[in-house]
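Letter by letter, the chains look like this.
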Amino acid sequence: MINRMFYHSEFGILDSPANPNEFELLPRVGEAVAELNGLGLLVIVVSNQPGIAKGKFTPALLEAIEQKMTSNIEAAGGKLDAVYNCLHHPDAALEEYRVRCKCRKPEPGLLLRAASELDIDLSRSYMIGDGVTDIATGRAAGATTLFVNTRKCYNCEALANQAAWPDYLVSDLSEAATLIRRLECGEFESVETFALRCATP
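Note that the structure is a prediction, hence the values are computed from the model and not measured.

Chemist: Now, about the overall build of the protein chain: what can you tell me, with residues and values included?
Modeler: Each helix and strand in the protein chain was counted, giving seven helices and eight strands. For the protein chain, the C-alpha radius of gyration of 17 Å lies close to 17 Å, the compact-globule estimate for 201 residues. Taken over the C-alpha atoms alone, the protein chain extends approximately 50 × 40 × 40 Å along its principal axes. Within the protein chain, the proportion of its 201 residues that are buried is 42%. Contacts in the protein chain between residues at least 24 apart in sequence constitute 55% of all its contacts with a sequence separation of at least 6. Within the structure as shown, the protein chain displays about 10800 Å² of accessible surface, and the carbon and sulfur contribution to it stands at 49%. Averaging the coordinates of the 19 positive side-chain charges in the protein chain and doing the same for the 27 negative ones gives two points 3 Å apart.

Here it is, written out as structure tokens:
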């Protein structure tokens, strides 16, 4: 949703970037963040980052990746207000991270922590994500959920099975930002023609 997945040729798989050189911001992300900033909303990244627990990269590399993400977004006029990561995994290679925590999505711990530390009303907040766990997290926290996916919604069955049906489907972060602007400005009629309002199957 924010960055491209990186193709690891040695393993033949797509995965999250493990160092700054592998990080590439998706188109229009910085501008979308700027649009949300302009609405007076806090923009916060909440992410499962088990790579450290699995020994794939170090805390220093994660910090460098976040710095590149932040600077690239700022170059496009946007600003992140905070980044919250869960570093745990129940099957972690490193024992200190091998726990079943309350901050790993779909648990809402990261959102609850952000709400406490930054004085956020989650009932008036939006959770945007491209994974089933993102939507489940947002629903558990009481936020309005926007699922980044194609209109064919290949993950709809998984969403339904997890009782994590989103409020809206959008194609990318830019469309999400525009939809949120219209919701915030009370343009409800145009919202219905702009994005698919999801109905629980």
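Chemist: Talk me through the pairing of strand S6 (residues 144-148); I want residue IDs and the actual numbers.
Modeler: Of all five residues making up S6, four are buried, and the element is well covered by its neighbours. Here strand S5 (residues 126-129) pairs with S6 via four bridges, running parallel. Within the sheet, the bridge partner assigned to Met127 lies in S6 and is Thr145. Read from S5 through helix H4 (residues 132-141) to S6, the crossover connection turns out right-handed. Note that S6 and strand S7 (residues 168-170) share three bridges and pair parallel. By the bridge assignment, Phe147 is partnered in S7 with Leu169.

Chemist: A description of helix H3 (residues 109-118) should follow, citing residues and the corresponding values.
Modeler: Along H3, the residues that are buried comprise Gly109, Leu110, Leu111, Ala114 and Ala115. Lining the buried residues of H3 we find strand S3 (44-48), strand S4 (82-86), S5 and H4. Following H3 by one or two positions, Asp119 adopts a phi angle in the positive range, close to 55°.

Chemist: Would you mind going over the side chain of Asn48 in detail, with residue names and values included?
Modeler: Position of Asn48 among the secondary structure elements: in strand S3. Reaching out from Asn48, the side chain makes a polar contact with the backbone nitrogen of Lys105 at a distance of 2.9 Å. In this structure Asn48 touches Cys86, Cys103, Arg104 and Lys105, once residues within four positions along its chain are discounted.

Chemist: Residue-level account of the packing of helix H1 (residues 29-38) against helix H6 (residues 173-184), with values.
Modeler: Put simply, H1 and H6 touch, their axes get as near as 8 Å, and they point 15° apart. Put simply, H1 runs roughly parallel to H6. Note on packing geometry: the crossing formed by H1 with H6 is left-handed. Taking contact as the criterion, the partners of Val29, Ala32, Val33, Glu35 and Leu36 in H1 are, on H6, Leu173, Ser174, Ala177, Thr178, Ile180 and Arg181. Of the residues contributing to the contact of H1 with H6, the split by class is seven nonpolar, two polar and two charged.

Chemist: Describe the environment of Ala92, listing the residues and the values that go with them.
Modeler: For Ala92, the location among the structural elements is in the loop between S4 and H3. Here the alpha-carbon distance between Ala92 and Gln67, two residues 25 residues apart in the chain, equals 25 Å. Not counting residues within four places of it along the chain, the set of residues in contact with Ala92 comprises Ala53, Tyr97 and Arg98.

Reading the values: the criteria
- Residues numbered from 1 in each chain as written.
- Predicted model: local features only at pLDDT ≥ 70, side-chain atom pairs only at ≥ 80, totals over all residues.
- Heavy atoms only, no water.
- Helix = DSSP H or I, 4+ residues; strand = E, 2+ residues; numbered from the N terminus.
- Rg over C-alpha atoms; globule rule 2.2 N^0.38 Å.
- Buried < 20%, exposed > 50% of the residue type's maximum accessible area, 1.4 Å probe, protein only.
- Contact = heavy atoms within 4.5 Å.
- Areas by Shrake-Rupley, 256 points an atom, 1.4 Å probe, with all protein chains shown as cover.
- Lys, Arg positive; Asp, Glu negative; His and termini not counted.
- Charge placed at Lys NZ, Arg CZ, Asp CG, Glu CD.
- Pairing = 2+ DSSP bridges.
- Right-handed = clockwise from strand over helix to strand, strands pointing away.
- Polar contact = N/O pair within 3.5 Å; in protein donor to acceptor, adjacent residues only side chain to side chain.
- Axes fitted to C-alpha atoms, helices over the stretch in contact; angles between N-to-C directions.
- Parallel < 35°, antiparallel > 145°, perpendicular 65-115°, else oblique.
- Left-handed = near helix turned anticlockwise from the far one by under 90°.
- Nonpolar A, V, L, I, M, F, W, Y, C, P; charged D, E, K, R; others polar.

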